[in-house]
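Next come the chains, spelled out residue by residue.
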Amino acid sequence: MRRLLLLRPEPALGASGMRARMLGLEVIARPLFAVQPLAWQAPDPARFDALMLTSAAAAQLAGPQLAKLRSLTAHCVGGATAEAARAAGLIIGNVGNRGIHGLLATLPGTQRLLHLAGADRAEAGATRHQISVVPVYAAGPIPKPGLPVLDGLVVAVHSPRAARRLVELAEERGGTKVAAISQSTADALGAGWQEVAVAERPDDGALLALAARLCQK
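Residues numbered from 1 in each chain as written. Predicted model: local features only at pLDDT ≥ 70, side-chain atom pairs only at ≥ 80, totals over all residues. Heavy atoms only, no water.

**Q** Would you take a moment to explain the sheet that holds strand β10 (residues 177-180) for this structure?
**A** Each strand in a sheet pairs with its neighbour through backbone hydrogen bonds, running either in the same direction (parallel) or in the opposite one (antiparallel). Spatially, β2-β1-β9-β10-β11 is the arrangement adopted by the five strands of the open sheet, whose pairing is parallel. Edge positions in the sheet fall to β2 (27-29) and β11 (195-198), since each has one partner strand and no second. Going across the sheet, the axis of each strand differs from the next one's by a mean of 25°, ignoring polarity. Where strand β1 (residues 4-6) meets strand β9 (residues 154-157), three bridges bridge the pair, whose relative direction is parallel. Looking across to β9, one finds that L5 is bridged to V155. (Pairing = 2+ DSSP bridges. Helix = DSSP H or I, 4+ residues; strand = E, 2+ residues; numbered from the N terminus. Axes fitted to C-alpha atoms, helices over the stretch in contact; angles between N-to-C directions.)

**Q** Sorry, what's going on with the nonpolar core here?
**A** As a rule of thumb, soluble globular proteins bury nonpolar side chains together. In this structure, W40, L51, L53, L69, L116 and V136 are the most contacted members of the largest nonpolar core, which totals 26 residues. If you list the elements that add at least two residues to this core, you get β4 (50-53), α2 (56-61), β5 (73-76), α3 (79-87), β7 (112-118) and β8 (130-141). Apart from residues lying up to four places away in sequence, L116 is in contact with W40, L51, M52, L53, T54, A58, L66, L69, V134 and V136. (Core = buried A, V, L, I, M, F, W, Y, C linked by side-chain atoms within 4.5 Å. Buried < 20%, exposed > 50% of the residue type's maximum accessible area, 1.4 Å probe, protein only. Contact = heavy atoms within 4.5 Å.)

**Q** Is there a simple way to think about the packing of aromatic side chains in this case?
**A** For any pair of aromatic rings, geometry is given as the distance between the ring centres together with the angle between the planes. For the structure shown, the criterion picks out zero aromatic pairs. The side chain of R173 reaches across the aromatic face of W193, ending 4.9 Å from its centre. (Phe/Tyr/Trp six-rings, centres within 6.5 Å; stacked < 30°, edge-to-face > 60°. Lys NZ or Arg CZ within 6 Å of the ring centre and 35° of its normal.)

**Q** Help me out: how do you make sense of the pattern of salt bridges in this one?
**A** Between side chains of opposite charge, pairing is possible as soon as their charged atoms come close. Scanning all chains against the criterion turns up six salt bridges. Across the pair R19 and D204 runs a salt bridge, and its minimum N-O distance is 2.5 Å. Highlighted residues: R19 in helix α1 (residues 12-22) and D204 in helix α7 (residues 204-216), separated in sequence by 185 residues. Note that R165 and E168 form a salt bridge whose closest N and O atoms lie 3.2 Å from each other. With R165 and E168 both in helix α5 (residues 160-169) and three residues apart, the pair spans about one turn of that helix. Here R165 falls in the buried class, since its relative accessible area comes to 13%. Salt bridges here are not isolated pairs; linked through shared partners, they connect R8, R19 and D204. (Salt bridge = Lys/Arg side-chain N within 4 Å of Asp/Glu carboxyl O.)

**Q** How do you make sense of unusual backbone geometry when you look at a structure like this?
**A** Most of the time, phi is negative for any residue but glycine, and the peptide bond is trans. For the bond from E10 to P11, the omega torsion is 10°, close enough to zero to count as cis. Structurally, the position occupied by P11 is in the loop between β1 and α1.

See the structure below:
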C-alpha cells in the first residue's frame, strides 16, 4: 500500500491526518503553508443576514472579534467548518457539501452575507447574494517544507494554491498519484503525474476516501 502525503496547514492538517489514519493509511505530514490570524474589526451585525464560512480556520482563528457576530447564523461550506463554527459559539445554519457555489445555491432569496475568510480564498463569482468579505487569517508559504521523495506516494491536495505550490517544489512526479479536492485543483497540477483523480465532493472526507482508494491500488 502506498503512503499518503498531506500538505494542508495546521490546524486542518491534524484533523485530516486523524481521518486518514482511521482509514488505515500511513500518513506523512508536510504542510506547505503556515496560517496566522489577522487583525480585523467586526462590522455591525445589523448590516447582514448571516455569516458565511468556507474554512474551519476562519472560525478557529477569528479571535475575540467573532463574539460580536454571534447573533448571526453561520452558513458553512462543509461539516468540518460547521464543527469549528459550533465550537466557536456560533449558531449553525445551512451546511453544504458542494463547495461555495453549492452552499450559496441552498440559501433562499437574496441574502446579505458576511464572509469571514482567508486572505487567499476561492471567490464566489456571480451570485444573487450580497457578499462582503473580511479576511481574518492568512496562509503564507513555508520556504522549505521538507517534502519527501514523491515517487511511490499518493498526495492529497486541498486547493489550487496548494497544487501550484506543489508543482513548484516537485522535482520528480512520474511515479506519484494525486487526489485533488476539485477540478480546478486538478487543473492547477498540470501534467506529468502518474495519475490525477478528482474527489466526488469538494470536502476533506471525500478527498481522503479517494486518496485511500489510490493508496490501495
